[in-house]
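For reference, the chains in residue letters:
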Amino acid sequence: MKHKTVISALCMLLMVMAPALGWSEPLTGPEILEQVDRNLQPGDLEMYRKIINIEPDGKKKEFVLWFLKKDRDKVVTLFVSPASESGRATLRLGDNMWLYIPNMGKPIRITSMQSVVGGVFNNADIMRLDYGVEYEVADLSEDEGRHLLELKAKSGTVAYDRLMMWVLKEELVPTRIDCYAATGMLIKTLHFKEIKDIGDGVVRPAVMETESPLYKGYRSIMISANLKKRSLPDEVFTLNYLERVKDLR
Amino acid sequence: MGIRRSILILLAFFGLVSAPASAGEYDFEIPEAEKRPWEVGGRLETRYIYHRLDEDSARYRLNYYQDPPGADSHEWRGLAELSGSCRIGFAQANLLTHHEYAATYQTDDWTHDIYEGYVSLTPTAHLSLDAGKRRILWGKGYAWNPVGFLNRPKDPDDPALNLEGRVLLEIWARYYF
């Protein structure tokens with residue numbers, strides 16, 4: 001009887017200690033994707049993004065955007081520099097995107113595969129929603145000590161039909177994403193680099209670099225910095241507010 | 001030791017000692033992220049046009065019957081737009097001035113206008129109040145708005161140009177629930 005009690009106590013202790021000892025259940029694909037989203041864009045926030053387009057001859061063009069995100073599917077960006085683009089703003093609500101140009105009137109509708117800054121990044125890359133909003137996990141495997149997630153678009157309106165995402169096991173942030181069209185053609189590769197605190201204690205890759213077989217020799221780099229957790233009302237994420245977004249900076 | 005140090009200094013001077021590729025590859029500083037209480041900006045533009053005219057054409061006689069310029073004429077235009085804003089708390093004052101110089105066969109003078117000059121109060125994201133001279137944009141059109149009754153006419157060649165505003169008081173309130 002006494003032995004039984006001791007064994008039961010040991011079993012209970014092991015059950016409690018198991019997660020700490022690393023004996024927990026391995027993460028599933030959807031859990032990894034959810035954690036990746038949380039690590040890359042944790043909740044409602046504002047941050048600055050510097051986009052550098054590098055042409056084959058070495059010519060560079062830089063843009064600085066103020067980036068606002070609310071919930072999982074609302075994004076507003078405001079062009080801060082260069083001066084010729086200052087005041088332009090974009091809005092993304094789910095699959096829909098608009099561009100506001102000062103003096104022009106009402107915002108005009110844009111598509112995810114266009115680019116408001118030129119270069120290799122398209123609008124879907126710049127105004128990216130959480131991956132979990134647009135993609136579901138089709139397969140989970142392991143490659144070179146990293147999780148390899150195969151993501152399939154939930155609908156045909158998403159910029160890329162399929163993603164192959166390599167995720168670091170410890171940090172649960174992506175290091176590389178290959179983006180494929182529905183035909184299976186590789187559209188672009190995103191490389192995530194320089195894991196560091198980009199503000200408000202959020203540690204994630206600060207640099208996203210891309211190259212594409214469709215734009216040989218061209219390269220685009222996006223640097224994220226000055227992140228702050230900030231929750232703005234829903235009104236800010238509407239078409240009529242784009243003209244006034246600059247007042248909230 | 002001294003020679004070695006001298007060589008290193010020389011190499012460094014001529015840029016032959018390079019830092020590791022990763023160091024300094026990315027510049028994480030975004031100075032624009034620091035919001036200043038004031039901002040100034042501007043746009044400068046100049047344009048020269050040489051006109052060669054057929055004095056025997058019917059159109060020449062129609063257009064220039066009062067003041068004929070001759071077989072050719074020169075036109076030079078210069079434009080400067082200066083903008084500035086100053087923010088104190090939730091109040092912001094904005095100014096946009098327009099200065100244009102035109103030298104044609106008929107005229108040679110400057111025009112100076114205040115396109116915008118207004119104060120904007122934004123105590124919350126739900127409410128804002130603008131008072132002063134401010135541009136008005138009605139309608140959704142790109143170059144022309146059929147319902148833009150108060151809009152100044154746009155230049156169809158460049159609809160993104162700044163336009164002179166109207167004096168107004170605007171209270172803008174919006175709340176979603």
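Each chain carries its own residue numbering, running from 1 in the direction its sequence is written. Each chain is given a letter, starting from A, and each ligand a number, starting from 1, according to the order in which they appear as written. Only residues with pLDDT of at least 70 are given local features in this predicted model, and only at 80 or more are side-chain atom pairs given and counted; all residues enter the totals for whole chains, interfaces and linings. In computing side-chain values, all of the structure's heavy atoms are included and hydrogens and water are not.

**Q** Could you clarify how one ought to interpret the overall build of chain A in this entry?
**A** In terms of helices and strands, chain A carries four helices and 13 strands. Accessible area is worked out with a 1.4 Å probe on protein chains only. A residue is then buried under 20% of its type maximum, exposed over 50%, and partly exposed in between. Each of the 249 residues in chain A was classed as buried or not, and the buried ones make up 53%. We call two residues in contact whenever any of their non-hydrogen atoms come within 4.5 Å of each other. Within chain A, contacts between residues at least 6 apart in sequence are counted, and of these 46% link residues at least 24 apart. Here the accessible surface of atoms and residues is derived via Shrake-Rupley with a 1.4 Å probe, and residues count as covered only by protein chains that are part of the display. Split by element, the accessible area of chain A, about 11600 Å² in all, is 54% carbon and sulfur. Counting from the N terminus, the helices are the DSSP runs of H or I reaching at least four residues and the strands are the DSSP runs of E reaching at least two.

**Q** Help me out: how do you make sense of the interface of chain A and chain B in this one?
**A** Put simply, an interface is often sized by how much accessible area is lost when its parts join up. Each side of the interface is counted separately: chain A has 35 residues, and chain B has 35 residues. Two parts placed together each lose some accessible area under a 1.4 Å probe, and adding up what both lose gives the buried area. Buried surface at the junction of chain A and chain B, summed over both partners, amounts to about 3200 Å²; 53% is from carbon and sulfur atoms. Together, Asn 103, Met 104 and Arg 244 of chain A form the three largest contributors to the area buried by chain A at its contact with chain B, with a combined 24%. In the sections that follow, a salt bridge refers to a side-chain nitrogen of Lys or Arg positioned within 4 Å of a carboxyl oxygen of Asp or Glu. Between Arg 134 of chain B and Glu 243 of chain A there is a salt bridge whose closest N-O contact spans 3.6 Å. What qualifies as a polar contact is a pair of N or O atoms within 3.5 Å, subject to a donor-acceptor requirement within protein and to the restriction that residues adjacent in sequence count only when both atoms come from side chains. At the surface where chain A touches chain B, the tally comes to 15 residue pairs in polar contact (both at pLDDT 80 or more).

**Q** Please explain the pattern of salt bridges as it appears in this structure.
**A** Think of it this way: side chains of opposite charge can pair up when their charged atoms draw near. According to the stated counting rule, one finds 30 salt bridges over all chains in the structure shown. Glu 81 of chain B is the partner of Arg 43 of chain B in a salt bridge, and the nearest nitrogen-oxygen pair spans 3.5 Å. Remark: Glu 81 of chain B occurs in strand β2 (residues 72-88) and Arg 43 of chain B occurs in strand β1 (residues 38-52); sequence separation between them is 38 residues. What makes Arg 43 of chain B partly exposed here is its relative accessible area of 28%. Overlapping salt bridges bring together Glu 243 and Arg 244 of chain A together with Asp 130, Arg 134 and Glu 170 of chain B as one network.

**Q** Honestly, the confidence of the model for chain B in this entry has me stumped. Any pointers?
**A** In low-pLDDT segments, the atomic positions of the prediction should not be examined closely. Residues and elements named next belong to chain B. Note on scores: pLDDT gives the predictor's confidence for each residue, bounded by 0 and 100. The share of residues in chain B with pLDDT of 70 or more is 86%, and the mean pLDDT across the chain is 84. Helix α1 (residues 2-13) is the least confidently modelled element of chain B, averaging 48 in pLDDT, while strand β3 (residues 91-103) averages 96, the highest of any element. In the model, residues 7-23 has pLDDT below 50 throughout and makes three contacts with residues more than four positions away in sequence or in other chains.

**Q** Sorry if this is basic, but what is going on with the nonpolar core here?
**A** Grouped burial of nonpolar side chains is what soluble globular proteins tend to show. Of all hydrophobic cores here, the largest spans 55 residues; its most connected members are Ile 126, Tyr 131, Tyr 135, Leu 163, Met 165, Ile 177 and Leu 190 of chain A. It is strand β1 (residues 45-54) of chain A that contributes the most residues to this core, five residues altogether. By nonpolar core is meant a set of buried Ala, Val, Leu, Ile, Met, Phe, Trp, Tyr and Cys residues that side-chain atoms within 4.5 Å join together.

**Q** Please explain the environment of Asn 103 of chain A as it appears in this structure.
**A** Tracing the chain through its elements places Asn 103 of chain A in the loop between β5 (96-100) and β6 (108-110). Taking the C-alpha atoms as reference points, Asn 103 of chain A and Gly 87 of chain A, 16 residues apart in sequence, are found 10.0 Å from one another. There is a polar contact of 2.9 Å between the side chain of Asn 103 of chain A and the side chain of Arg 135 of chain B. Looking at Asn 103 of chain A, its side chain comes within polar contact range of the main-chain oxygen of Leu 161 of chain B, at 3.5 Å.

**Q** Quick question: what am I supposed to make of the environment of Thr 46 of chain B here?
**A** All names here are of chain B. Following the sequence through the fold, Thr 46 ends up in strand β1. C-alpha separation for the pair Thr 46 and Ala 80, spaced 34 residues apart in sequence, amounts to 8.8 Å. When sequence neighbours within four positions are dropped, the list of residues in contact with Thr 46 reads Trp 76, Arg 77 and Gly 78. There is a polar contact of 3.4 Å between the side chain of Thr 46 and the side chain of Trp 76.

**Q** Looking at this model, I keep getting lost on the packing of aromatic side chains. Mind explaining?
**A** The geometry of an aromatic ring pair comes down to the distance between the two centres and the angle between the two planes. When two rings of Phe, Tyr or Trp (its six-membered ring) have centres within 6.5 Å they constitute a pair, described as stacked for plane angles under 30 degrees, edge-to-face for angles over 60, and tilted for the intermediate range. Under the defined criterion, the tally for this structure stands at seven aromatic pairs over all chains. Ring centres 6.2 Å apart and planes at 80 degrees place the aromatic pair Phe 63 of chain A and Phe 79 of chain A in the edge-to-face group. Residue Phe 63 of chain A is found in strand β2 (residues 60-70), and its partner Phe 79 of chain A is found in strand β3 (residues 74-81); the two are separated by 16 residues along the sequence. For the pair shown, Phe 63 of chain A and Phe 79 of chain A are each scored as buried. On the basis of an interplanar angle of 50 degrees and a centroid distance of 5.2 Å, the ring pair of Tyr 60 of chain B and Tyr 64 of chain B is categorised as tilted. Under the relative-accessibility criterion, Tyr 60 of chain B is labelled buried at 8%.

**Q** In this structure, what is going on with the pairing of β3 of chain B? I would like to understand it.
**A** When a strand is regular, its side chains alternate between the sheet's two faces. Residues and elements named next belong to chain B. The pairing criterion for strands is at least two bridges between them, as found by DSSP. Two elements, β2 and β3, share 13 bridges in a ladder whose sense is antiparallel. The residue bridging Ser 85 from the neighbouring strand is Asn 94, located in β3. One ladder, built from 13 bridges, connects β3 with strand β4 (residues 108-124); its direction is antiparallel. Bridge pairing in β4 places His 99 opposite His 112.

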